[in-house]
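# Residue-level structural notes
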Amino acid sequence: MGMFLYLMIFAGSALMAYNIYGYLCFSRDVRKHGNWDQERRLFYLPTLLLVLFLAGYLMVGFFGKPDLIMAGILFGGSIFVFLMLLLIRRTFARIQENEQLEVRLAAAEEASKAKTFFLSNISHDIRTPLNAIIGYTTLANRQGVTNEEKTVYIGKIDMAGRQLLEIVNDVLDMSRIESGKLTLEPTRINLKTCIQEVSDLVRIQMEAKEIELSVACEAAHPWVLCDKVMLDRALMNLLCNAGKFTEKGGRVSLQLKEISAEEGAGRYEIRVSDTGIGMSQEFAERMFIPFERERTSTVSKIQGTGLGLAITKNIIDMMDGQISVRTEQGKGTEFTITLEFPLAEPERDDDFAGEAALSFEGMRALLVEDNLINMEIAQMLLAQEGFLIETAENGRIALEMTKASQPGYYDVILMDVQMPEMDGYAATRAIRSLPDPGLAGIPIIAMTANAFQEDIRKAEEAGMNGHIAKPLDVPAMRATLRHVLKKN
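An account of the accompanying structure is given in this report. As a convention, each chain's residues are numbered from 1 in the sequence order in which they are written. The predicted nature of this model means local features are confined to residues of pLDDT at least 70 and side-chain atom pairs, given and counted, to a pLDDT of 80 or more, with totals for whole chains, interfaces and linings taken over all residues. Side-chain calculation: all heavy atoms of the structure are included, whereas hydrogens and water are not.

Strand pairing is assigned whenever DSSP detects at least two bridges linking the two strands. Secondary structure elements are taken from DSSP: a helix is a run of H or I of four residues or more, a strand is a run of E of two residues or more, and numbering for both begins at the N terminus. An order of β9-β8-β10-β11-β12 is seen for the five strands of this open sheet, with the pairing classed as parallel. Strands at the two margins of the open sheet, each flanked by one partner only, are β9 (388-392) and β12 (466-469). Looking at each pair of strands side by side, their axes are set apart by 25 degrees on average, direction ignored. Pairing of strand β8 (residues 364-368) with β9, which is carried by five bridges, proceeds in the parallel orientation. Looking at the pairing, R364 lines up with L388 of β9. When checking whether two residues touch, look at their non-hydrogen atoms; a contact exists if any pair is within 4.5 Å. To obtain each axis, a line is fitted to C-alpha atoms, and for helices this fit is confined to the stretch in contact; angles are then taken between N-to-C directions over 0 to 180 degrees. The sheet strands contacting helix α15 (residues 474-487) are β10 (412-415), β11 (444-448) and β12, and the helix crosses β12 at an angle near 170 degrees.

Next comes the structure, spelled out in structure tokens:
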């Protein structure tokens, strides 16, 4: 019986020691949670009392002669303190959870307000280019319109269509980012070439607005592994914003600088600066929040979804980079991006030799498309490049036409993806399985509105040699055709 009593005393002492440790951890967490400077001494008092209790337990255990009542009280007291501390910790955890839920609720409410504002704005932003497209089409179809006037109208229709495409791309990209479907696909690229290509894409718009665009590249190791599509997207967003918010006669600059290159990785800095209207410091703090736009009379006249900077920030974060901004109203804005990429071997000069000189004249293409309007547009664009065109309405017909042809009859198959009876992926796999290697090896290029990275990867997995996105961009289509046919 005596041994049992001592076991109870020492078990209670061990539990009380654990209680002291648990309380110290708990008080530390509480002090981190808020400002408790005035109550600091209150946190020390329970620690002192618990230590005195422990000392009393040990005194009884080592120097006293405990009876059953005393041992029961001491052991029960340790359990009671343990349960009280457990209850307090659970209560504190529940309070923290409620506070986090309140923060999330507030953030959700802010996001909801921003999306409501976005929906009211995007209705205007979508209708504006649509109104231009419909209006200038009506004007171009009037009786007595001269060729010069039609050329002007078509140019404005093209510009409005590209504005509409930009809005659609922003909304789709933001949706993919929020759903976690946006992924990186690194390939070997030349950063200098990437910078030059992006600047060339916006140079015409800048010149039309009489904005001076300067480009500078300082990189001893420009060849890296990077997702060029995503990097182009981020830089285009920044450059387009710079052009939008810079007045006539202003300046925009794009600079690439190599910071370091060691241990197989290069660190680079990209700066996009302008002499535009700048931003307020209040808006600069929230500019990367989706759907946010600065509420000023100047900005409200400029089209935009409020998604471009949010998309750019997400892309840079995915690349493990940093983006910062320095801005002042009336004096301009400068974005600084810092990125680190694995270094890559330079491409040989002859990797793409002869592609630019490749002629499509007399080549035969099988165009597989179920939409008559899309088929007509693609036929005319390909015919202008010199192709002889044959068509199929779905993958099953394309497969039968390929089987019935001789090797070398078709130089390329341009395959839509979503079609009735047999889709483009199934048709491609079936063609690749044909016993005749001359037919099975025909170059097949996806020509589809499924334009995301996962769609490109899915096309490659099905056996396709390239990917052309709709709506068709003629220079991009021409470059893809040359690249695929040159390799073939």
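Now that the structure has been shown, the text picks up again.
Time to look at the nonpolar core. Burial of nonpolar side chains together is a common tendency in soluble globular proteins. Throughout this description, the term nonpolar core refers to a set of buried Ala, Val, Leu, Ile, Met, Phe, Trp, Tyr and Cys residues connected via side-chain atoms within 4.5 Å. Exposed residues in this analysis have more than 50% of their type's maximum accessible area, buried residues have under 20%, and partly exposed residues fall in between, with area computed by a 1.4 Å probe over protein chains only. In terms of nonpolar packing, the biggest core is built from 44 residues, with L191, L231, I270, M319, F335, I337 and F341 touching the most fellow members. Elements that contribute at least two residues to this core include exactly α4 (147-178), α5 (191-208), β3 (223-226), α6 (228-244), β4 (251-262), β5 (265-274), α9 (308-318) and β7 (332-342). Considering each element in turn, this core owes the most residues, seven residues, to α6. When near neighbours in sequence (up to four residues on either side) are disregarded, I337 contacts L235, L238, Y268, E269, I270, I316, Q322 and I323. Ranked by size, the runner-up nonpolar core spans 22 residues in total, among them L366, A398, L439 and A462.

Whether two aromatic rings pair depends on their centres lying within 6.5 Å, for rings of Phe, Tyr and Trp, where Trp uses its six-membered ring; planes under 30 degrees apart make the pair stacked, over 60 edge-to-face, and the rest tilted. All told, the structure shown has four aromatic pairs when counted by the stated rule. Measuring from ring centre to ring centre gives 4.9 Å for F360 and F387, while their planes differ by 20 degrees; the resulting arrangement is stacked. Taken together, the positions of F360 in the loop between β7 and β8 and F387 in the loop between α10 (372-384) and β9 put the pair 27 residues apart, joining distant regions of the chain. Here F360 falls in the buried class, since its relative accessible area comes to 2%. Classification of F387 by relative accessible area gives buried; the value is 5%.

K470 connects to P471 through a cis peptide bond whose omega is 0 degrees. Looking at the secondary structure, you find P471 in the loop between β12 and α15. One non-glycine residue, D320, lies in positive phi territory at about 60 degrees. Relative to the helices and strands, D320 resides in the loop between α9 and β6 (322-328).

Time to look at helix α12 (residues 424-432). Among all positions of α12, only G424, Y425, A427, T428 and I431 are buried. Along the axis of α12, the buried positions cluster into a sector of 165 degrees, meaning they face one direction only. If you follow the buried residues of α12, they end up packed against α11 (395-404), β10, α13 (437-440), β11 and α14 (453-462). Measuring from the backbone nitrogen of Y425 back to the side-chain oxygen at the start of α12 gives 3.0 Å, which picks out D423 as the cap. What the arc describes is the spread of directions from the helix axis to the C-beta atoms. Pairing of N or O atoms within 3.5 Å defines a polar contact, subject to two protein rules: one partner must be a possible hydrogen donor and the other a possible acceptor, and residues neighboring in sequence count only if both atoms are side-chain atoms.

The subject of this paragraph is the sheet that holds β7. Adjacent strands of a sheet pair through backbone hydrogen bonds, lying either parallel or antiparallel. In space, the five strands of this open sheet follow the order β2-β4-β5-β7-β6, with mixed pairing throughout. A strand with exactly one partner marks an edge of an open sheet, and here the two such strands are β2 (212-218) and β6. Each adjacent strand pair in this sheet contributes to an overall mean axis angle of 10 degrees, direction not counted. Across the sheet, α6 is in contact with β4, β5, β6 and β7; its angle to β5 comes to roughly 20 degrees. In the packing of α9 onto the sheet, contacts are made with β6 and β7, and the angle to β6 comes to roughly 145 degrees.

Geometrically, a packed helix pair is captured by the angle between its two axes and the distance between the axes. Running from amino to carboxyl end, α5 crosses α6 at an angle of 35 degrees, the nearest separation of the two axes being 10 Å. In the crossing of α5 with α6, the sense of the turn from one axis to the other is right-handed. Note on element contacts: α6 touches α5 through K228, L231, D232, L235, M236, L239, C240 and G243, opposite L191, C194, I195, E197, V198, S199, L201, V202 and M206. Across the contact of α5 with α6, the residue classes tally to 12 nonpolar, two polar and three charged. Crossing handedness is read from the near helix: turned anticlockwise from the far helix by less than a right angle, it gives a left-handed crossing, and turned clockwise, a right-handed one. Following the grouping adopted for this structure description, the nonpolar residues are Ala, Val, Leu, Ile, Met, Phe, Trp, Tyr, Cys and Pro, the charged ones are Asp, Glu, Lys and Arg, and the polar ones are all others, Gly among them.

Of all five residues in β8, four are buried; the element is thus mostly enclosed. A clockwise course of the path from the first strand over the helix to the second, judged with the strands pointing away from the viewer, identifies a crossover as right-handed. The parallel pair β8 and β9, bridged by α10, forms a crossover whose chirality is right-handed. Direction of pairing for β8 relative to β10: parallel, over a ladder of four bridges. Looking across to β10, one finds that V368 is bridged to M415.

Cavity and pocket criteria rest on a 1 Å grid covering protein atoms alone: a 1.4 Å probe that fits but cannot get out defines a cavity, protein on both sides within 12 Å along at least 5 of 7 lines defines an open pocket, and an atom within 4 Å of a point defines a lining residue. Grid points are joined across faces, edges and corners, and a volume is the space filled by probe spheres set on the points. Considering only enclosed or pocket space, the second largest pocket measures out at about 190 Å³ in volume. Surrounding the second largest pocket, 11 residues form its lining, Y23, P46, M84, L85 and I88 being those nearest its centre. Where the lining of the second largest pocket is concerned, the elements lending two or more residues are α1 (2-33), α2 (40-63) and α3 (68-140). The element contributing the most residues to the lining of the second largest pocket is α3, with five residues.

Three or more residues of α14 are buried, namely Q453, D455, A459 and A462. Following α14 by one or two positions, G463 adopts a phi angle in the positive range, close to 110 degrees.

The residue V484 is located in helix α15 in this model. C-alpha separation for the pair V484 and P443, spaced 41 residues apart in sequence, amounts to 7.2 Å. If near-sequence neighbours (up to four positions away) are discounted, V484 is found in contact with P443, I445, N465 and G466.

On to the side chain of T312. Along the chain, T312 turns up in helix α9. Under the relative-accessibility criterion, T312 is labelled buried at 0%.

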